Amino acid sequence: MNEFSVIGKPVALVDSAGKTTGQGKYTDDLSMPGMLIGKILHSPLPHARIVGIDASRALALDGVVAVAVGADAPNKYGILPVGHDETALAVDKVRYVGDNVACVVAESEAIAEKALELVDVRYEPLPAWFDPEDSMRAETDLLHEQRPHNIEKEYHHAFGDPAAGFAQADTVIEGRYIANEVTHAAMEPHSTLAAFEIDPQTGRPGRLTVWSSTQVPYYLQHKLSIVLEMPMSQIRVIKPLVGGGFGGKSEVIPLEIIAAVAAREARAPVKITYTREEVFWAHRGRPRTIVDLKTGVTRDGKITAVAAKVIQDGGAYCSYGVVTILYAGALLGGALYQIPNFQYDGYRVLTNKPACGAMRGHGTVNVRFAFEAQLDEAAQRIGMDPVEIRRRNLLVPPCVTVNGLRVGSYGLPECIARVAERSGWSERKGKLPRGRGLGIACSHYVSGAANSIIRSDMPHSTVNIKIDRDGGVVVYTGASDIGQGSDTMVAQIAAETLGCSLGRVRVVAADTDLTPIDIGSYSSRVTFMNGNATLRAAQAVKRQIAEAAAKRMNSTPEDVIMRGDRVWNHGAYGDEGPGAVEETATIAASGRVEGQILRGSVQQKRAEECPKDRMTFEEAVVAAIDFHGALGGSGSYAPPVEARGGHYKGSGVGPSPAYSYSAQVAEVSVDEETGVVTVHKIWAAHDCGRALNPVAVEGQVIGSVWMGLGQALEEELVWKDGLLMNPGLLEYRSPSAAESPEIECIIVESVDPEGPFGAKEASEGSLAAAIPAIANAIHDAVGIRLREAPFTPERVLAALRAQRPEAKKVRLAGNVDPARPATFREHGGSLCHGGRGPARHPLDPAVRRKSAAGSASKREDDAR
Amino acid sequence: MKKLLITLNVNGRDVEFACAPNQTLLDALRLDLRLTGSKRGCDDSSCGACTVEIDGEPMLACTLLAAACEGQRILTVEGIAEHGALAAIQKAYGEWGGAQCGFCTPGFMIAVHSLLEQNPDPSEEEIRAALSGNLCRCTGYNQMYQAVKAAIEAEKAGRRAL
Amino acid sequence: MSLPEFQLRRPKTLAEAVSLLAQTDGIVQVIAGGTDLIPSMRQRLFAPSELVDLRGVTELRGIRQSAEGLEIGALTPLAEIDRNEIIRRDYPVLAEAAHAVASPVLRNMGTIGGNICLDTRCLWYNQSLAWRKSCGYCIKKDGDLCHVAPGGTECWAVFAGDTPPALLVLDAEIEIAGCDATRRVRLADFYTNQGDTRMKLGSREILTRVFLPRSTRGWRGAYRKLRVRGSIDYPLAGVAVALRMRNGVVENAKAAITALNPAPLLVSGIEEQLAGKTLTAVLAETVGALAANTARPLTTSALTPEYRREMVRVMAKRALVEVASCGSR
Ligand SMILES: Cc1cc2nc3c(=O)[nH]c(=O)nc-3n(C[C@H](O)[C@H](O)[C@H](O)COP(=O)(O)OP(=O)(O)OC[C@H]3O[C@@H](n4cnc5c(N)ncnc54)[C@H](O)[C@@H]3O)c2cc1C
Ligand code: SF4
Ligand code: FES
Ligand code: FES
C-alpha cells in the first residue's frame, strides 16, 4: 500500500471550479451598495517638488465626492522597517513618472477620469536621475535627503580569502553582465476595495475592512494601521481570489493604502482598480542590474573564488530593495555550489523610475544568469564539459556555507543527472549541427526566509483547525493563495494527517479576522512554513481523536490508525485496515448519520453496536468530542535558530530552513541571418523535497521556467529618461502560446528532514536557471556569448555579426554591445528637442553636463 | 449622455437594460449584468481575458460596444457549464493544472469552447494556434494542452457511451 | 479606462451609412471591427462625437468572384479571408498576410477595411493621455514636436497593417463611397506616406470594397513578418512578394513592405530586376537590398531601426527564394 493516501497524488486545486466557471470572485469582481470608484492622478514628471494642488475644479464636477491628497495621510510607510520612505500620496515631492499625487473619488469610473483632468497641480521640476551609475555620483537633488549619493544601501562582504582564492586559480574570468528590467505582469491588475463600518458605540466610522489583491494580508493590515493611525485590531484585510502575484502583490502597493484613505475621505466604500498602465507604474519588479563578475577556477574545474559587484537600479523607493541586494549576494555565494572564497559588493541605487521590488526568484535571477554563463565560459576555457564542471563544485551536505547558509537536503546532483539523461546530453552535446545547441544551468531558492521582515522570534505561520460533530474539518490559515495552490496544499496536509478525505476539508484562508497570522506568500515560504504549521495543527487534533478512539478500542493512541476516512485498531486490522467491502458499507451508512447533526442516541447506539476495533471518521470525531469536550488544534512554525544565518551585517537575508534545487537543459536553434532564437524544449529537474501535489508542482516549475524564458528572450521594460515606453501587454511581451516551448518537468524528491512530509519550495527556484541555460545553448549553437539579457534577435544578430570581421558594421543593437555591455540601453528618440519638450529634460543630468546652466525660470514655466 | 435601452442575448437569455453608447460589452457584462466571469486584464485589447463568443466566434468584450452587440448571441464563461455541472473542458482544466490563478481561465474556456465547436478533433498545432490570442502568466501553457486533449478524450468517451 | 462619449449610429445599409455620415456636423468616425479604434479611443487619440458602426451593414461583408477578379467587402473579417479557399488558391499572399495579423481572436473581429485604414503607429503616440502628457505630446496628436525625428516637422509614425503590402503586390484597387460620389482608386495611390494624414480618405467617406484583378490571379506569393512574439504582435517589419513564373522564368514580380514607413510601399525596380530571368541567389540579394533601401525605419517601434531594416533585406530575399522554388503553380 502507498505510504500516503492524499499527498503525492495529483489533485485539482480546491478552488479550480470557481476559476473555470467564472464564479470565483477576484477583488474587482466585488461591489457593495453605495460603492464609489477611485482614480489616481499620477505625476507626469520624474522628479519635482509639489508647489500646490488645487482640486476645486474637480470637486465641482457632478458626481465627484472627494479628492484625497498627500496631506490627508502623511505617515510614512514601506514594506521594510528600514525603508519607510513612501506616503499614500505624494506629500512634498514626486519621484517618478507615475508617482501618486491625488485620488479622485466619484460615482463612476468615467466621472473620476474626467475629474482627474481637473485637478490642478503646480510642480517645480527637479533634476532627475535615470541611470544608476550616474545616480551614484549624485551630490545634489537627491531622491531622498537621507540617502547620500542616492544609494539606498550598500554591502561589502568578504568570506574566506578571495584574494588567495583567485591566486590559486588556474584561470580567472571577468565580465560585465547586464540584465534589463522585467516585471510581473500578473494577469489581474491590482484592485482594492475599502469600506468603513459605523461603530455602534460611537456612531462614527469605526472598523475598516479591506478586500485586496495581495500576497501579504498581514503586512497590509500593519501598514494600514501605520498610515491611518488605527489599531490593527480595527482593520480587517480579506484576500479574495488573486489573479497572480509573482511578487508584485507581495508588498503594500500604493492603491491599497490610497483606497482606504479615499474611503475615509469620501465616507463611503471605495474601490480602486489599476489600469494596466498603472500596474506598470506601480511595478516593483526585477530591477535592471549590472553584475561585474569574476570567477576563478582550477584546471580540474574547482571554483576557487568568486567576486561580484552588483548594482541594482532600484527606482524611486526602497521597497524590498535592501532585501533584493542582499539576496543577490547571499544566493550568488551560497547554498548552490561549493564556493570557498567569495567577495560581494552590492549597491542598491535610487533613480527616478518606478520602484523595483520582489519578483519571482527575488534577488537571485540576474546574478545567477551572470554566474552560470560565466561558469560555462570557464568550462570552455579549461576544456571541461559544462555538466562536469557543475558536478565538480557540489556541496557536501549537511553543511554551512562560507556565508552562513545551512544546507540540509540537496537534490542538485540528482537534478543534474536527470536532466542530462533526459536531454540526451552526453550523446548530443557538441554533436548537433551548427545553429542548434544545448545549454545547461542550475539554480536554487529559499523555502522561505528564515528571518521575517520584521525580525522577531514569533512564529511565521500559525494554523487553527476546527472539527465539529458533523465531521467537517475546517482549516483556518493565513496563507495567501495567489494561484500557486496553497489552499489545496493546506487541505492535503490536513487530510493526510487526519486520515480523512480531501473533500471533508474546507480551507478558510487569508482573512485577518478569521485566520491566525501568516506573514504572506513570498520567498516561497508557504508550503514549508504554513504547511508545517498545518501539519502541527492537524497532529494536535489527531492526537485528541486517537486518544478518544483508543479508549473505545481498548487500545493505545499509537495503535490507532486513521486513514481514508476510517479509524482502526492496528492490532486488529494491521496496516491495511478493514476490508474494502466492509469499508464502503460503513461509509455509506455513516454518511447518512453524518447528515443529521444528531449527537444523540442514534449515533451513540451505533457506536456501541459497532465493532470496537474500527470506526468511521465521524464516529471517532464524536467520540473525541465526547471525551475532550471541544475539539480543535493549533500549530505554528518558526524556523529553527540554526537555520537563521551568520552574524554579520546583512546576514539575515539568504538563510532558509531548506533550499530547492533546479538543473535545466535548454535546446535552441539560432537563425544566423536573423538572430532569432527558437527554444525547442527545456528539461527542468526540480528538487522540491516531496511533491505534495505533483500536478501543482509541475505547474509551478513549468511556470517559472517559462517566466525565465520570457526574461531570456522577449521581456524588457524599455526606458527613455525615466519614461516607460512599453507600459502595456501589447508592447511588454509576455510570451504567447505560439512561441512557448515544451517544458518537461522532472520532479526530484530529496525529502527534506524539516519540511512538511519532506516538502520544499517549487515555485521560484527554477526560474533563474532558464536564462543562462538558454544563453549557454545559444553559445553552443553559434559560438556567441551574450552578456546582456534579453537575447532579442537584434542583440543576437549584433553579436553574430561582431564575430565576423568581414561583415558590414551596423549598430544593430543600439549603443550597447550585447557581448560586452557597458551600460543600459535606452530607447532612441528624444524627449527634449529644442527646449520645447517637458521642462524636466533640460535638467536631465546628461543634458546638463553638455549645456551649462540654462534658464531655470523658463523651465518652471514650461512645466505648468 | 443619453442612455439607450438595449436587449442583449447572453447565455441564451434576453436581458434588457439601459446602456450608455460608449459602454463596452465587458463593462455591461461585469457592471450591469453582474456577470463578472469575464475579466479585464489589459487596456489595449491584447490579453484575451475578456474573451466571449459572439455568434459562435470568440471576440474581445473589452473591444466591443455593448450597444453594437444587440441581436447577437453572446456566450460568456458563465454559460459554459452544462446543466449545473462542469463541462469536460472545465473539469480537465482543473485536473491538469490548466488554471493556476484562474484569471485568464474564463478567456481560455471560451477560446477552447469555440475551437472544439468548430473542430472537435484539433491537432496539437491547431490547439496551440487557437490559444495563442490569450495570455496566461502562470502556466506557460503546457498543462493547458494536456487539459484540452484530456477534454477531447473525455468528450469522445462520453459520445461513445451514448 | 472608459471611452469618450459619443452618439452611436448603427446603419443597416450602405446608403444609410453614407447619408448618416453626410448629415452629422460633429466629428464623425466610422468603426468596423473596432480593434484599432477602440483601444485608441481609450487612449483619447480619438474622441468623435458620433460613431457610425458598420458592423450591421451586411452588404459590405463577403467575398465574391466577378468578371474582373475578386471582390472583398470591406467589412469582411480577416479570419474569413485567411480561411477562404479562393483566396488561398488564387491570391495566396493575401491569405498569408491576413493570417499573420494579430491573433485568432483579433482576426475574428478585425476587418480588411479596418486593416487598410489602420491608423499609423508610434511608441510615442499609442499611449494613454496621461503618458502623452508626460512626454509633452507630439505632432500627430496634441503637440508640435516629434520625438522620433527631433527637429523635424513631419510625423513618421509607421503604417503597421499586414494585409496592405499583400494587396499592393496584387495590384488591388479599392472603392470609396462618399456622400456625392463613389470613386475607385489603386491602393498604391491611397496612402500619403505621412504619419499624421496617412491616407486619402475623407472623414465622411467609407471604404466599401477591395478588388483583386484577374491579372494577378494565381501569382505565387509569400508574406514575411518580423515580430517578437509568435502571436498578437503588430509587425515590426513586413514584406510581401508575389510573382508569376513560367518554365522556371520569372514573368512578373512585385514586392511591398510594411511597418517601416508611414505607408505600405511597393518596392520599385523589382520587375525590372526579375522579369525574364531565373531566380538566383544573387538576384534575390539584389531584391532584398532594394526592399531595404525603400525602408525608412525609425524609433517609432520596438527593436532598433537598423535591425528592422536589415530584416527587410533578409525577409525579402527569403520570401522570394521560397516563392520561386515552391510548387509549380
Ligand atoms: C493587440 C492588437 C494587435 C494587433 N496586431 C495587428 C497586426 O499584427 N497586424 C495588423 O495589421 N493589425 C493588427 N492590429 C490592428 C487591427 O486589429 C487590424 O488592423 C484590424 O484589421 C483593424 O480592423 P478593424 O475593423 O478592427 O478596424 P477599426 O478599429 O474598426 O478601424 C480602424 C480605422 O479604420 C477606419 N475604418 C475601418 N473600416 C473602415 C471603412 N470601411 N471605411 C472607412 N474607414 C474605415 C476606422 O475609422 C479607424 O480609423 C492589432 C490590434 C490589436 C488590438
Ligand atoms: S513619429 Fe513623431 S510625430 Fe509621429 S507619432 Fe511618433 S513622435 Fe509623434
Ligand atoms: S481585457 Fe485584455 S483583451 Fe480585453
Ligand atoms: S492561470 Fe494565472 S494567468 Fe493563467
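Quick caveat: nothing in here was measured; it's all calculated off a predicted structure. Counting restarts for each chain: residues are numbered from 1 in the order of the written sequence. All chains are assigned letters beginning at A, and all ligands numbers beginning at 1, according to the order in which they are written. Residues qualify for local features only when their pLDDT is at least 70, as the model is predicted, and side-chain atom pairs are given and counted only at 80 or more; totals for whole chains, interfaces and linings, by contrast, use all residues. To obtain the side-chain values, all non-hydrogen atoms of the structure were used and water was disregarded.

**Q** Honestly, the overall build of chain A in this entry has me stumped. Any pointers?
**A** Across its full length, chain A holds 24 helices and 31 strands. In summary, chain A has a C-alpha radius of gyration of 29 Å against a globular reference of 29 Å for 864 residues, a match within 12%. The dimensions of chain A, computed from C-alpha atoms along their principal axes, are 95 × 75 × 50 Å. Taken over 864 residues, chain A has a buried fraction of 67%. In chain A, the proportion of contacts linking residues at least 24 apart, taken out of those at least 6 apart, comes to 79%. When charges are tallied, Lys and Arg are placed among the positive residues and Asp and Glu among the negative ones, while His and the ends of the chain are skipped. A single reference atom marks each charge: NZ on Lys, CZ on Arg, CG on Asp, CD on Glu. Put simply, chain A has 92 plus and 104 minus side-chain charges, and the middle of one group is 2 Å from the middle of the other. By the criteria applied, helices consist of DSSP H or I runs no shorter than four residues and strands consist of E runs no shorter than two, each listed in order from the N terminus. Every radius of gyration here is taken over C-alpha atoms, with the globule rule written as 2.2 Å times N^0.38, N being the number of residues. Burial classification: accessible surface area is computed with a 1.4 Å probe over protein chains only, and a residue below 20% of its type maximum counts as buried, one above 50% as exposed, and the rest as partly exposed. Here, residues are in contact when the closest pair of their heavy atoms is within 4.5 Å.

**Q** I keep staring at the overall build of chain B and nothing clicks. Help me out?
**A** For chain B, the count of helices and strands is five helices and five strands. Written out in order from the N terminus, the α and β elements of chain B read β-β-α-β-β-β-α-α-α-α. Whereas a compact globule of 162 residues would reach a radius of gyration of roughly 15 Å, chain B reaches 16 Å, a difference of no more than 12%. Over its C-alpha atoms, taken along the principal directions, chain B stretches across nearly 50 × 35 × 25 Å. Counting over 162 residues, chain B shows a buried share of 65%. Taking contacts inside chain B between residues at least 6 apart in sequence as the whole, the part at least 24 apart equals 55%. Using a 1.4 Å probe, accessible areas were evaluated by the Shrake-Rupley method; residue-level cover was limited to the displayed protein chains. Surface summary for chain B: the accessible area is close to 5,800 Å², and the carbon and sulfur share equals 51%. Between the mean site of the 15 positive side-chain charges and the mean site of the 20 negative ones, chain B shows a separation of 5 Å.

**Q** What exactly am I supposed to notice about the site of ligand 2 here?
**A** Residues are counted as near a molecule or strand when any one of their heavy atoms sits within 4 Å of it. Around ligand 2 sit Cys122(C), Trp124(C), Tyr125(C), Cys138(C), Ile139(C), Lys140(C), Cys146(C), His147(C), Val148(C), Cys155(C), Trp156(C) and Ala157(C), and those are all the residues in its vicinity. Note that Gly is not counted as nonpolar here; it falls among the polar residues with everything else outside the nonpolar set of Ala, Val, Leu, Ile, Met, Phe, Trp, Tyr, Cys and Pro and the charged set of Asp, Glu, Lys and Arg. Its residues assigned to classes, the shell around ligand 2 shows 10 nonpolar, one polar and one charged.

**Q** Help me understand the interface of chain B and chain A, please; the structure alone is not making it clear to me.
**A** Reports often express the size of an interface as the amount of accessible area lost when the parts come together. Opposite the 42 residues of chain B that make contact, chain A presents 54 residues. Salt bridges are identified by distance alone: a Lys or Arg side-chain nitrogen within 4 Å of an Asp or Glu carboxyl oxygen. The tally of links between chain B and chain A comes to four salt bridges. Ionic pairing is found between Glu715(A) and Arg137(B), a salt bridge with its closest N-O pair at 2.7 Å. For the purposes of these results, a polar contact is taken to be a pair of N or O atoms within 3.5 Å, where, inside protein, one atom must be able to donate a hydrogen and its partner to accept one; residues adjacent in sequence count only when each atom of the pair is a side-chain atom. In this structure, the connection of chain B to chain A is made through 27 residue pairs in polar contact (both at pLDDT 80 or more). Breaking the side of chain B that touches chain A down by element, the ones donating at least two residues are α2 (88–95), α3 (105–118), α4 (124–131) and α5 (142–161) of chain B. Per-element accounting of the side of chain B that touches chain A gives the leading share, four residues, to α2(B).

**Q** Would you mind going over the site of ligand 1 with me for this structure?
**A** Around ligand 1 there are 38 residues in total, and Val30(C), Thr35(C), Thr111(C), Asn115(C) and Asp162(C) lie nearest to it. The site occupied by ligand 1 is bordered by residues of chains A, B and C. One nitrogen or oxygen atom from the main chain of Gly34(C) is found 2.7 Å from an oxygen atom belonging to ligand 1. Protein burial of ligand 1: of its 960 Å² of free accessible surface, 98% is covered by the chains. Breaking the shell around ligand 1 down by element, the ones donating at least two residues are β2 (28–31), α7 (112–116) and β8 (206–213) of chain C. With three residues, the single largest contributor to the shell around ligand 1 is α7(C).

**Q** Would you mind going over the sheet that holds strand β18 (residues 436–446) of chain A with me for this structure?
**A** The pairing of strands in a sheet happens through backbone hydrogen bonds and is either parallel or antiparallel. Residues and elements named next belong to chain A. Overall, mixed pairing links the four strands, which are arranged β18-β26-β27-β30 in an open sheet. The sheet terminates laterally at β18 and β30 (742–748), the two strands that pair on one side only. In this sheet, adjacent strand axes meet at a mean angle of 15 degrees when their direction is disregarded. Direction of pairing for strand β26 (residues 659–670) relative to strand β27 (residues 677–687): antiparallel, over a ladder of 10 bridges. Across the sheet, residue Val670 finds its bridge partner in β27, namely Val677. In this analysis, axes come from line fits to C-alpha atoms, helices being fitted only over the stretch in contact, and the angle between any two N-to-C directions falls in the range 0 to 180 degrees. Here helix α12 (residues 412–422) sits on the sheet and contacts β18, β26, β27 and β30; the angle it forms with β26, its principal contact strand, is near 25 degrees. For two strands to be treated as a pair, DSSP must find no fewer than two bridges joining them.

**Q** How should the packing of aromatic side chains be read in this particular structure?
**A** When we look at a pair of aromatic rings, we describe it by the centre distance and by the angle of the planes. All names here are of chain A. Stacked, edge-to-face and tilted are the three classes for Phe, Tyr and Trp ring pairs, Trp counted by its six-membered ring, which pair at centre distances within 6.5 Å; planes under 30 degrees apart are stacked, over 60 edge-to-face, the rest tilted. Taken as a whole and judged by the stated rule, the model has 20 aromatic pairs over all chains. Centroid distance Phe159 to Phe342: 6.3 Å. Interplanar angle 10 degrees. Geometry classified as stacked. With Phe159 in strand β7 (residues 151–159) and Phe342 in strand β15 (residues 342–349), this pair connects stretches of sequence that are 183 residues apart. According to the relative accessible area criterion, Phe159 is buried, its value standing at 9%. Residue classification places Phe342 among the buried positions, given a relative accessible area of 0%. The structure contains a cluster of three or more aromatic residues connected by ring pairs, namely Phe159, Phe342, Tyr344 and Tyr648.

**Q** Mind showing me how you'd approach the interface of chain B and chain C here?
**A** Contacts between the two partners involve 28 residues from chain B and, on the opposite side, 26 residues from chain C. The term buried area denotes the loss of accessible surface (1.4 Å probe radius) that occurs when two parts are joined, taken as the sum for both partners. Summing the contributions of chain B and of chain C, the shared interface buries around 2,400 Å²; its carbon and sulfur component is 58%. Linking chain B with chain C are two salt bridges. With a closest N to O distance of 3.8 Å, Glu70(B) and Arg10(C) form a salt bridge. Applying the counting rule to chain B against chain C returns nine residue pairs in polar contact (both at pLDDT 80 or more). Breaking the side of chain B that touches chain C down by element, the ones donating at least two residues are β3 (51–54), β4 (57–60) and α4 of chain B. For the side of chain B that touches chain C, the element with the highest residue contribution is β4(B), accounting for four residues. Grouping the constituent residues of the side of chain B that touches chain C by class yields 15 nonpolar, nine polar and four charged.

**Q** Whenever I open this one, helix α14 (residues 486–498) of chain A confuses me. Can you help?
**A** In an α-helix, one full turn covers 3.6 residues, which means residues spaced three or four apart are oriented alike. With 13 residues, α14(A) extends 18 Å from end C-alpha to end C-alpha; this agrees with the ideal 18 Å at 1.5 Å per step. In terms of burial, α14(A) is a largely internal element, 13 of the 13 residues being buried. Under the convention used throughout, the expected extent of a helix is 1.5 Å for every residue step, that is, one less than its residue count.

**Q** Which parts of the structure should I look at to understand the sheet that holds strand β21 (residues 505–509) of chain A?
**A** All names here are of chain A. Sheet architecture is open: four strands sit in the order β21-β20-β19-β25, paired in mixed fashion. Taken across any chain shown, the strands that pair with only one partner, and hence form the sheet edges, are β21 and β25 (632–637). Neighbour-to-neighbour, the strand axes of this sheet turn through a mean angle of 20 degrees, independent of strand direction. Where helix α15 (residues 526–553) meets the sheet, it contacts β19 (461–467), β20 (473–477) and β25, and its direction lies at approximately 150 degrees from that of β25.

**Q** Sorry if this is basic, but what is going on with the nonpolar core here?
**A** As used in this record, nonpolar core signifies buried Ala, Val, Leu, Ile, Met, Phe, Trp, Tyr and Cys residues forming a set joined through side-chain atoms within 4.5 Å. With 205 residues, the main nonpolar core has Ile774(A), Ile778(A), Phe791(A), Tyr93(B) and Leu131(B) as its most contacted residues. Among the elements that take part in this core, helix α21 (residues 767–782) of chain A stands out by supplying 12 residues, more than any other. When residues no more than four places from it in sequence are discounted, the contact partners of Ile774(A) are Ala666(A), Val668(A), Val679(A), Ile682(A), Leu709(A), Ala712(A), Leu713(A) and Phe791(A). The next biggest cluster of nonpolar side chains, apart from the first, holds 113 residues, and it includes Ile81(C), Ile112(C), Ala166(C) and Ile174(C).

**Q** Where do I start with α21(A) in this structure?
**A** Residue and element names in this part refer to chain A. In this model α21 runs 24 Å from its N-terminal to its C-terminal C-alpha over 16 residues, within 8% of the 22 Å that 1.5 Å per residue would give. Among the 16 residues that make up α21, 15 are buried, leaving the element largely enclosed by the rest of the structure. Positioned one or two residues after α21, Gly783 has a phi angle of 75 degrees, which is positive.

**Q** Just to check I follow, could you spell out the packing of α2(B) against α3(B) for this structure?
**A** The geometry of a pair of packed helices is captured by two quantities: the angle between their axes and the separation between those axes. Residue and element names in this part refer to chain B. Packing of α2 against α3 brings their axes to within 10 Å, and their N-to-C directions diverge by 130 degrees. Taken together, α2 and α3 sit at an angle that is classed as oblique. Like other packed secondary-structure pairs, α2 and α3 cross with a definite hand, here right-handed. Contacts from Ile89, Gln90 and Tyr93 in α2 reach Thr105, Phe108, Met109 and Val112 in α3. Here the residues of the contact of α2 with α3 sort into five nonpolar, two polar and no charged. Oblique is the label for any angle not covered by the other classes, which are roughly parallel (under 35 degrees), roughly antiparallel (over 145) and roughly perpendicular (65 to 115). In a left-handed crossing the near helix is turned counterclockwise from the far helix by less than a right angle, and in a right-handed crossing that turn is clockwise.

Scope: geometric values only; no functional claims are made or implied.
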